[in-house]
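For reference, the chains in residue letters:
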Amino acid sequence: MSDIDQMGIVVDWVDACRKGDLATLLDLYADDAQVECSCNGTQHYRGRRELERYWGPRLNAFSSAGFGLEEINPVPDGIDLEYSVAGSLRVHASFRFSAEGKIYSTLCTPSPQNSNDGCAC
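Residues numbered from 1 in each chain as written. Predicted model: local features only at pLDDT ≥ 70, side-chain atom pairs only at ≥ 80, totals over all residues. Heavy atoms only, no water.

Draft legend 1. Local environment of the side chain of Arg 58. Looking at where Arg 58 falls in the secondary structure, it is placed in helix 3 (residues 47–65). One buried charged residue, Arg 58, remains without a salt bridge, the closest side chain of opposite sign being Glu 50 at 11 Å. Reaching out from Arg 58, the side chain makes a polar contact with the backbone oxygen of Tyr 54 at a distance of 2.6 Å. (Helix = DSSP H or I, 4+ residues; strand = E, 2+ residues; numbered from the N terminus. Buried < 20%, exposed > 50% of the residue type's maximum accessible area, 1.4 Å probe, protein only. Lys, Arg positive; Asp, Glu negative; His and termini not counted. Salt bridge = Lys/Arg side-chain N within 4 Å of Asp/Glu carboxyl O. Polar contact = N/O pair within 3.5 Å; in protein donor to acceptor, adjacent residues only side chain to side chain.)

Draft legend 2. Quick peek at helix 3. Between its terminal C-alpha atoms helix 3 stretches 27 Å, which fits the 27 Å expected from 19 residues at 1.5 Å a residue. The sharpest bend along helix 3 measures roughly 30° and falls at Trp 55, with the proline Pro 57 sitting one to four residues further on. The set of residues buried in helix 3 consists of Gly 47, Leu 51, Tyr 54, Trp 55, Gly 56, Arg 58, Leu 59 and Phe 62. One or two residues past the end of helix 3 sits Gly 66, with phi positive at roughly 105°. (Expected span 1.5 Å × (residues − 1). Bend = angle between axes of the 7 residues up to and from the residue.)

Draft legend 3. Geometry of the sheet that holds strand 3 (residues 67–75). Strand order in this open sheet of six strands is 2-1-6-5-4-3, and the pairing throughout is mixed. Looking at strand neighbours, the two that pair on one side only are strand 2 (43–46) and strand 3, the edges of this open sheet. Neighbouring strand axes in the sheet, compared pairwise and without regard to direction, differ in orientation by 15° on average. For strand 4 (residues 78–85) and strand 5 (residues 89–97), the ladder comprises seven bridges, and the chain directions are antiparallel. Among the inter-strand pairings, Glu 82 is bridged to a residue of strand 5, identified as His 92. Strands in contact with helix 1 (residues 6–19) are strand 1 (29–37), strand 3, strand 4, strand 5 and strand 6 (103–110); relative to strand 3, the strand with the most contacts, it is inclined by about 165°. Its contacts with the sheet place helix 3 against strand 1, strand 2, strand 3, strand 4 and strand 6, and it is angled at close to 60° to strand 1. (Pairing = 2+ DSSP bridges. Axes fitted to C-alpha atoms, helices over the stretch in contact; angles between N-to-C directions. Contact = heavy atoms within 4.5 Å.)

Remember that the coordinates give geometry; whether it matters functionally is a separate question.
Okay, here's the thing in structure tokens:
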């Protein structure tokens, strides 16, 4: 796993989000990957079909509202990312990777922000 450029994969993920490119985004995930989102109650999505259903509407919102990279940091078991939507709405996402260099899990949670803002993940 040390040969995998985890940071590069997450940068590619950010680029796909900015462009609203669902196909590229989904290709970064393992076939059995999962997303857990706790922004509006905890929701779980597993596999390409469910990830497509989860990410499709969000990418449309990201590309029209604006998607910003706030922080990206390596952590012992993956990469942590903080991004913003519409310049203010902040989300924390933790990425974990398969041995093949695909994202196998993403956990997103709301980051501290203005109480009037919601979460878009």
